[in-house]
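Architecture at a glance
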Amino acid sequence: GTEGRHIGPFASDICPLALDVLMETETRVRVRVTDPALERWEVPAALFPPPPPAKDLQERALMPYQVRYTKSPFGFSVARRSTGELLFNSTPTTGRSSGLTFEEQYVSLTGIVPEGYWLYGLGEQNAPHRLPRGGVNADGSERADTYTLFAKDQPTPAHDPAGGSNLYGSHPLVVALSPADGAAFGVFMRSSSAMDVLLSRDSVAFRAVGGMLDLSFLLGPSLADVISQYTEVVGRPMVPPYWALGYHLCRWGYGSAAATAKVADTMRLAGVSQDAQWNDIDHMQMAHDFTLDPLTFRAGAMIAMIDSLHANNQRYVPIVDPAIASSPRGAYPPLDEALAKDVFIKDVAGAPVAGRVWPGGTYFPDFFHPAAGEYWAAQLRQFRTLLAFDGIWLDMNEPSNFCDGPCAALEKCENAGMDGDGEVSCQGGEEAAEAARKGRMFSPWKLRAKRGRRMEADRPPYLPGGRPLDEKTIAMSSQHCIADRWFAKPLGGAAKPSTKGLFGGLFGKRAKDKAGVPCKAASHYDVHNLYGLSETILTSEALVALTAERPFVITRSTFPGSGRFAGHWLGDNRATWTDMKESIPGMLTMGLLGIPLVGADVCGFAGATTRELCIRWTQLGAFYPFMRNHNDNVAPAQEPTAWDVEALGMMRSAIATRYRLLPYLYAAFHHAHKTGMPVARSLLLEFHLQTGGQDFPGGKRGGAYPDGEARGLLEALG
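Quick summary incoming for the structure in this document.

1. Considerations on the overall build of the protein
Scanning the protein from terminus to terminus reveals 16 helices and 33 strands. In the protein, which comprises 718 residues, the proportion classed as buried is 62%. Counted over contacts in the protein with a minimum sequence separation of 6, partners at least 24 positions apart contribute 72%. Here the protein has roughly 25600 Å² of accessible surface; of this, 55% comes from carbon and sulfur atoms.

2. Quick notes on the packing of aromatic side chains
Following the criterion strictly, the structure yields 27 aromatic pairs and no others. In this arrangement the basic side chain of arginine 628 is found over the ring face of tryptophan 393, its NZ or CZ atom lying 4.4 Å from the centre. Positioned above the aromatic ring of tryptophan 569, the side-chain terminus of arginine 628 is 5.2 Å from the ring centre.

3. Digging into the sheet that holds strand 27 (residues 553-555)
In space, the nine strands of this open sheet follow the order 29-28-27-23-19-18-17-31-30, with parallel pairing throughout. On the outer flanks of this sheet lie strand 29 (598-599) and strand 30 (601-602), each paired with one strand and no other. Relative to strand 27, strand 23 (residues 392-394) runs parallel, the two sharing three bridges. Across the sheet, the residue bridging to tryptophan 393 is isoleucine 554, located in strand 27. Contacting strand 17 (247-249) and strand 18 (276-279), helix 3 (residues 257-269) runs over the sheet at an angle of about 160° to strand 18.

4. Section: the nonpolar core
Ranked by size, the top nonpolar core spans 141 residues in total, and within it Leu47, Trp278, Trp376 and Phe552 carry the most contacts. Those residues in contact with tryptophan 376 that sit more than four places away from it in its chain are Phe290, Val320, Asp321, Pro322, Ile324, Pro365, Phe367, Glu535, Leu538 and Thr539. Counting residues in each nonpolar core, the second largest holds 41 residues, with Phe88, Leu149, Met195 and Leu215 among its members.

5. So, the environment of valine 553
Relative to the helices and strands, valine 553 is located in strand 27. A relative accessible area of 0% means that valine 553 is categorised as buried. Valine 553 sits 14 residues away from threonine 539 along the chain, and the two C-alpha atoms are 7.6 Å apart. Leave out the neighbours within four places in its chain, and valine 553 touches Ile392, Leu394, Thr536, Thr539, Ser540, Leu543, Phe565, Ala566 and Gly567.

6. Section: the pairing of strand 6 (residues 99-103)
With four of five residues buried, strand 6 is to be regarded as a mostly interior element. Judged from the five bridges that link them, strand 6 and strand 7 (residues 106-112) form a sheet pairing that is antiparallel. Counterpart to glycine 99 in the pairing with strand 7 is threonine 110. Linking strand 6 back to strand 7 in an antiparallel pair, the connection comprises two residues.

7. Description of unusual backbone geometry
With an omega of 15°, the peptide bond between glycine 220 and proline 221 qualifies as cis. With respect to the helices, strands and loops of the structure, proline 221 is situated in the loop between strand 16 (213-218) and helix 2 (223-234). Look at the link from glutamate 398 to proline 399: it is a cis peptide, with omega at 0°. Here proline 399 lies in the loop between strand 23 and helix 7 (410-416). The phi torsion at phenylalanine 290 lies on the positive side, around 60°, for a residue other than glycine. Relative to the elements of secondary structure, phenylalanine 290 occurs in the loop between strand 18 and helix 4 (299-311).

8. Notes on the side chain of asparagine 397
Along the polypeptide, asparagine 397 turns up in the loop between strand 23 and helix 7. The exposure class of asparagine 397 is buried, given its relative accessible area of 0%. Within the structure, asparagine 397 has its side chain in polar contact with the side chain of threonine 555 (distance 2.9 Å). Among the polar contacts made by the side chain of asparagine 397, one reaches the main-chain amide nitrogen of serine 557 at a distance of 3.0 Å.

9. Concerning helix 4
With 13 residues, helix 4 should cover 18 Å at 1.5 Å per step; its first-to-last C-alpha distance of 18 Å lies within 8% of that length. Buried within helix 4 we find Met302, Met305, Ile306 and Leu309. Down the axis of helix 4, the sector holding all buried residues measures 95°, keeping them to one side. The outward face of helix 4, more than 90 degrees from its buried face, is lined by the exposed residues Gly300 and Ala311. As for helix 4, its buried residues are in contact with helix 3, strand 18 and strand 19 (315-320). Positive phi appears at asparagine 313, one or two residues downstream of helix 4, with a value of about 60°.

10. Topic: the pattern of salt bridges
Taken as a whole and assessed by the stated rule, the structure comprises 29 salt bridges. Glutamate 115 is the salt-bridge partner of arginine 201, the closest N and O atoms lying 3.1 Å from each other. Residue arginine 201 is located in the loop between strand 14 (195-199) and strand 15 (203-208), and its partner glutamate 115 is located in the loop between strand 7 and strand 8 (118-125); the two are separated by 86 residues in the primary sequence. Residue classification places arginine 201 among the partly exposed residues on the basis of a relative accessible area of 23%. Between aspartate 572 and arginine 556 there is a salt bridge; the shortest N-O distance is 3.7 Å.

Scoring rules and cut-offs
- Residues numbered from 1 in each chain as written.
- Predicted model: local features only at pLDDT ≥ 70, side-chain atom pairs only at ≥ 80, totals over all residues.
- Heavy atoms only, no water.
- Helix = DSSP H or I, 4+ residues; strand = E, 2+ residues; numbered from the N terminus.
- Buried < 20%, exposed > 50% of the residue type's maximum accessible area, 1.4 Å probe, protein only.
- Contact = heavy atoms within 4.5 Å.
- Areas by Shrake-Rupley, 256 points an atom, 1.4 Å probe, with all protein chains shown as cover.
- Phe/Tyr/Trp six-rings, centres within 6.5 Å; stacked < 30°, edge-to-face > 60°.
- Lys NZ or Arg CZ within 6 Å of the ring centre and 35° of its normal.
- Pairing = 2+ DSSP bridges.
- Axes fitted to C-alpha atoms, helices over the stretch in contact; angles between N-to-C directions.
- Core = buried A, V, L, I, M, F, W, Y, C linked by side-chain atoms within 4.5 Å.
- Polar contact = N/O pair within 3.5 Å; in protein donor to acceptor, adjacent residues only side chain to side chain.
- Expected span 1.5 Å × (residues − 1).
- Arc of directions from axis to C-beta.
- Salt bridge = Lys/Arg side-chain N within 4 Å of Asp/Glu carboxyl O.

Interpretation in functional terms is not warranted from these geometric data alone.
In structure tokens, the structure reads:
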């Protein structure tokens, strides 16, 4: 590492640093740069399968790759031994911004990569499958496309080259493919920190707000090999239950148990295949988790409906949001039991973090807490004694908050007023966010410098995406109590870390929960991108215990490894032809990232769909790995039986085609579980060498794809 201090943009460089190079397999090498003096946050090791033991010196000489490094200026490179081709080179060169910056709240690495390669990955974005990567401006200057990775509740914005169009999950994987010969490699940054990833003409730059540098280089050599190697690292995707591959139907706004049952009955009478009926939050009493509205979704009516579904070999799936209503105390068991077990995320004063979501005032369970698994399983178990559900739909688990950061003074939020989307800002709103964005645009050094070893979670010097990190979520200084089950022994090579942590001694500090069970303190600043995954894991474990069957969980927020436990839908899309078309690259990218059970809301979630759009979307959705028709509470009904006889017939036929192919689709999921290969694949993945590197729609926009190896689909989307 560097011997000097204060050379980075924020004048808080850490020196010296420790370098570990771990040659884990013949096709995978791991490079870690860490702080030997203080323990810094890293992704809990238990979230991923254990890595293999590193190769010995004799084996290293036989590896098909070479790793070289220089100490001053520090840099390293990864090359193929057979051809000498440099795949990644971070050694600083004159006139380029390559190299490493390692500060308290800014860890940045730029590497030169082959210029002609096509790049993929970096979920979750509403971007083309082949990622735009900048270029050269008319004046000869370089420009980059920025991809912000930070889980956020915002409805599918189009890709913005300046960043800030991040969606519900964070997946720091870049896959590079040569259009000339099909050679591929991948770079996976094992980090849960908020970050920007900048793709330019010939470089990839990771800019994270914390943690350490932990990169896995996946050497391919084919695109399929890279995907397989990546899912070896983060875990192979699960095989869903067979019924999960059928047709699912949902709506926010059925209004009653009777109306929900009528939809399922009408579908059955019309001969439309349907495996699962869902309910959104309108089934709850005042949007409180694990409750039923006593007037419109009475327990007796719901039980009768579910009994009817089960009698017809169908399933039932309700929604669950993570935020628990903060009232009424003494009358709402999920709240009272959480308070008794002390499982809520805390603010800096030690009180439960107060937010505002659909029920109004809310608290947020800390799913990493030692008592969280028992607490969450108990809520699901108790709810299932009332309602015999078969799977769970996890929404709002970024976590989403209608205040920007602290909402301790809920009256202030109430007085601020709601906008059309039901959101309220308690900290400056759009003006403050836009000012932060303008101050950061590719010039992070213009923000205040912070010297010394102190970190500020709520005021980081660098803002990925140019937006405040607490926008539409909880404060970054919120505190978690992470159970020992999530941590494994640190990797070797670096000096033993100090027990003194950062954030005023927050991370690394030993703590205890209310029952005296030890845990490790951490801030939401570090854990935010893991929140959805932690809820998903506990939900999956609870369902296994409840049903003794393979669990069915669909989650909105994802992280590397989520595919081991759940599927994903692409979030709050709109009923437009553009959104239908954009669902294809979204689906293809999530499959590449190890989450093959994926699909979009068929016919569109927000806005009124049209007859023609819903027909065509149903025909496309019949080939999604996961197929669900779902819309909001203000648009007209859009299930197949809501249309005229001709439209109903076309939709019924498309769905019937899906059912004829279910055995094949199920086999494709088993193949995904064994090899990591997506179920929905771009033509580029299957037929690259046969096409001579031509840019099929599946390569750039994602308009063509096969399901599995044997069946192809080309959509005429205009």
